[in-house]
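Residues per chain, in single letters:
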Amino acid sequence: MIKNPLDRMIDLTKEQSFFLFGPRNSGKSTLLKTHFKELQTKGDILWIDLLDAQIQYQLSQRPSLLMDMWDAKKPPWIVIDEIQKNPKLLDIVHKMMEETSAKFALSGSSARKLKRGHANLLGGRALPFYLFPFSFMELEKKFNLDRALKFGLLPRFWASPMSDKDTVRGLYAYVDTYLKEEIASEQIVRKLDPFQRFLSVSAQSNGNIINFSKIERDAGLGASQAQKHFQILSDTLLGAFLPPYHSSIRKRQERKSKFYFFDTGVLRALQMMAQESLHPSTFEYGNLFETFIINEVLKMTAYLEKKWKLSYLKTQAGVEIDLIVEKPRTAPILIEIKSSLDIKEEHLKTLKRLASDFPKSTRYVWYRGPESYRIDQIQCLPWHQGIKELFEINS
């Protein structure tokens, strides 16, 4: 388990070059400083921070300066923070990987600009890693579910005490900074106002099956713009798609993905709800709880490097499963996510109905209550116990 907020569950390599991607303020720079602390103490590392305007300008004017900077001491590692600020550097990085002994740690909040014009991303020479906001397992005893649902899990709001008022201010500032620095300054979209309207409308659709046409109408967008904008959210790591389950068992199912924003606090800020109180037994609470759980599974899948398929199921008859996990060589795992404190018969109805279609499956209900039950071959577990059981984590 994690001993302090500077320790993260992600297991970065020290043997070969890597990319570290993560949304803004997820702690990438802090993690890299911790990871390379020993080399920094010895002076055996070249650190390039592209948020430094002077360094960014110099390297944008002459990318080959990177080679000269390294050549002075020839340290074993070069860290380039916020590499998406200067994608042209990847040409020099690629050349240095082939011609020198230098290894690279490249961090960024977006792979979008790197992929455009640098589609091979160094030809697979650098391993990809992804960092997310805190997991409940990283915070351990500091974790509080209601606060996590209300304000999210970005490290800056948990690493040190912060009032609710300042947390709300920070969340709205985060959204504003994302628009100005991630979208506007990187020239990802031509006009910011329509994208800002899209952000607001898409946040209202969080956790639902994406209806591109409706979102375009509500946000006043042109045809096919919503799909492009959702891809921007994915590329800039502001959220993730959850695809529909594919199986001949359910041919007549929905074929559109769901989309979940990466953090409940940022989601509430996009919905202009960050300052509002949050109450259990409401639709908002249930949606945030489901978003939190989906994101926890996404985080753990990435950190533990599981090659699992995650999806949801909804048939035309309206039968829906929140999360399906497919592990290699095993039957699908069906998970219903409920924010209630107790288990009701209605929570089991869908899993019972699908029992014959998934005869060898493991079926769960994850909920907020404290007790574990087994009802008609369905395992009803407290959500945190369910996540640990899914990933076979002993605690």
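Here the structure is a predicted model, which is why all the values come from computation and not from measurement. Residue indices begin from 1 for each chain and proceed along its sequence in written order. The model is predicted, so local features are restricted to residues of pLDDT at least 70 and side-chain atom pairs to those at 80 or more, both for listing and for counting; the totals for chains, interfaces and linings are taken over all residues. Heavy atoms from the whole structure form the basis of all side-chain values; hydrogens and water molecules are not counted.

Thoughts on the overall build of the chain
Consideration 1: Looking only at helices and strands, the chain has 16 helices and 13 strands in total.
Consideration 2: For the radius of gyration, the atoms used are the C-alpha atoms, and the globule rule reads 2.2 Å times the number of residues raised to 0.38. Taking 2.2 N^0.38 as the reference for a compact globule, 395 residues should give roughly 21 Å; the C-alpha atoms of the chain span a radius of gyration of 22 Å, in line with that estimate.
Consideration 3: When the backbone C-alpha atoms are referred to their principal axes, the chain occupies close to 70 × 50 × 50 Å.
Consideration 4: Here the open area of atoms and residues is found with the Shrake-Rupley method and a 1.4 Å probe, where only the protein chains shown may cover a residue. For the chain, the accessible area works out to roughly 19,000 Å², and carbon and sulfur atoms hold 47% of it.
Consideration 5: For the chain, the distance from the average site of its 58 positive side-chain charges to the average site of its 46 negative ones is 3 Å. By the criteria applied, helices consist of DSSP H or I runs no shorter than four residues and strands consist of E runs no shorter than two, each listed in order from the N terminus. Neither His nor the chain ends contribute to the count of charged residues, in which Lys and Arg are positive and Asp and Glu negative. Charged side chains are reduced to one point each, which is NZ for Lys, CZ for Arg, CG for Asp and CD for Glu.

Section: the sheet that holds strand β5 (residues 127-130)
Consideration 1: Judged by pairing direction, the sheet is parallel, and its five strands sit side by side in the order β2-β3-β4-β1-β5 without closing on themselves. Because the sheet does not close on itself, it has two edges, and the strands there are β2 (45-49) and β5. Adjacent strand axes in the sheet meet at a mean angle of 15°, parallel and antiparallel pairs treated alike.
Consideration 2: Should DSSP find at least two bridges between two strands, the strands are regarded as paired. Summarising the sheet, strand β3 (residues 77-81) and strand β4 (residues 103-108) pair through four bridges and their orientation is parallel. Along β4, the bridge assignment pairs V79 with A105.
Consideration 3: Residue contacts are defined here by distance: any two heavy atoms, one from each residue, within 4.5 Å place the two residues in contact. Between N-to-C directions, angles span 0 to 180 degrees; the directions come from axes that are lines fitted to C-alpha atoms, helices contributing only their stretch in contact. Most of the contacts of helix α1 (residues 28-35) go to strand β1 (residues 18-21), to which it runs at about 140°, and overall it touches β1, β2, β3 and β4.

So, the nonpolar core
Consideration 1: To define a nonpolar core, start from buried Ala, Val, Leu, Ile, Met, Phe, Trp, Tyr and Cys residues and group those joined through side-chain atoms within 4.5 Å. Note on exposure labels: buried denotes an accessible area under 20% of the residue type's maximum, exposed denotes more than 50%, and partly exposed covers the range between, all computed with a 1.4 Å probe on protein chains only. The biggest cluster of nonpolar side chains holds 87 residues, and the ones touching the most others in it are F195, L233, W366 and W383.
Consideration 2: With nine residues, helix α14 (residues 283-303) is the largest single contributor of residues to this core.
Consideration 3: For W366, the residues in contact, after removing those within four places along its chain, are F289, I293, V297, I335, E336, I337, K338, L381, W383, G386, I387 and L390.
Consideration 4: If you look at the next biggest cluster of nonpolar residues, it comprises 26 residues, including F21, L66, I78 and L122.

Quick word on the packing of aromatic side chains
Consideration 1: For Phe, Tyr and Trp, rings pair up if their centres lie within 6.5 Å, where Trp contributes its six-membered ring, and each pair is then called stacked (planes under 30 degrees apart), edge-to-face (over 60) or tilted (otherwise). Tallied over the full model, the rule gives 24 aromatic pairs.
Consideration 2: Summarising the aromatic geometry, the rings of F36 and W77 are spaced 4.9 Å apart at their centres and angled 50° between planes, so their arrangement reads as tilted. Highlighted residues: F36 in the loop between α1 and α2 (37-42) and W77 in strand β3, separated in sequence by 41 residues.
Consideration 3: With a relative accessible area of 4%, W77 lands in the buried category.
Consideration 4: Measuring from ring centre to ring centre gives 5.2 Å for F241 and F259, while their planes differ by 75°; the resulting arrangement is edge-to-face. Pair noted here: F241 is in strand β6 (residues 239-242) and F259 is in strand β7 (residues 258-261), with a separation of 18 residues, a long-range link.
Consideration 5: Remark: a charge is flagged as sitting over a ring if the NZ atom of Lys or the CZ atom of Arg is within 6 Å of the ring centre and within 35 degrees of the ring normal. One cation-aromatic arrangement involves R147 over W158; the distance from NZ or CZ to the ring centre is 5.9 Å.
Consideration 6: The ring of Y312 carries the charged tip of K258 above its face, separated from the ring centre by 4.8 Å.

Thoughts on α14
Counting along an α-helix, one turn takes 3.6 residues, and residues three or four places apart therefore face a common direction.
Consideration 1: By this rule, a helix spans an expected 1.5 Å times one less than how many residues it contains. Taking 1.5 Å of rise per residue, 21 residues should cover 30 Å, and α14 covers 30 Å from first to last C-alpha, within 8% of that figure.
Consideration 2: Buried residues dominate α14, accounting for 17 of its 21 residues.
Consideration 3: E305, located one to two residues past α14, shows a positive phi value of around 55°.

Considerations on the side chain of N295
Consideration 1: Its place among the elements puts N295 in helix α14.
Consideration 2: The exposure class of N295 is buried, given its relative accessible area of 10%.
Consideration 3: When residues no more than four places from it in sequence are discounted, the contact partners of N295 are F261, F262 and D263.

Re the environment of K306
Consideration 1: By the secondary structure assignment, K306 is in the loop between α14 and β8 (309-314).
Consideration 2: With relative accessibility at 30%, the residue K306 sits in the partly exposed group.
Consideration 3: For the pair K306 and F391, spaced 85 residues apart in sequence, the C-alpha separation works out to 9.1 Å.
Consideration 4: Look past the residues within four positions of K306 in its chain and what remains in contact with it is T301 and F391.

Details of the pairing of strand β13 (residues 378-382)
The two faces of the sheet receive side chains in turn, since in a regular strand these alternate between them.
Consideration 1: By the criterion of burial, β13 is predominantly enclosed, with five of the five residues buried.
Consideration 2: Inspection of the sheet shows strand β11 (residues 362-367) paired to β13 by five bridges, in the parallel sense. Its bridge partner being in β13, R363 is matched across the sheet by I378.
Consideration 3: In this sheet, β13 lies alongside strand β12 (residues 373-375) in antiparallel orientation, the contact comprising three bridges. Within β13, the residue paired with I375 across the bridge is I378.
Consideration 4: Between the antiparallel neighbours β12 and β13 lie two residues, among them D376 with a positive phi of about 50°.

Thoughts on the pattern of salt bridges
Consideration 1: Here, a salt bridge means any side-chain nitrogen of Lys or Arg that lies within 4 Å of a carboxyl oxygen of Asp or Glu. Scanning the model with the defined rule gives 15 salt bridges in all.
Consideration 2: In this structure, the salt-bridge partner of D71 is K74, at a minimum N-O distance of 2.6 Å.
Consideration 3: When its relative accessible area of 39% is taken as the criterion, D71 is described as partly exposed.
Consideration 4: Relative accessible area serves as the criterion here: at 47%, K74 is assigned to the partly exposed category.
Consideration 5: E98 is paired through a salt bridge with R125; the nearest N and O atoms lie 3.3 Å apart. Within this pair, whereas E98 is found in helix α5 (residues 89-99), its partner R125 is found in the loop between α6 (112-115) and β5, the two being separated by 27 residues in sequence.

So, the confidence of the model for the chain
Consideration 1: Per residue, pLDDT measures the predictor's confidence, with a range of 0 to 100. For the chain, the average pLDDT comes to 90, and 93% of its residues sit at 70 or higher.
Consideration 2: Across the chain, element-level confidence peaks in helix α8 (residues 145-151) with a mean pLDDT of 98 and bottoms out in α6 with 68.

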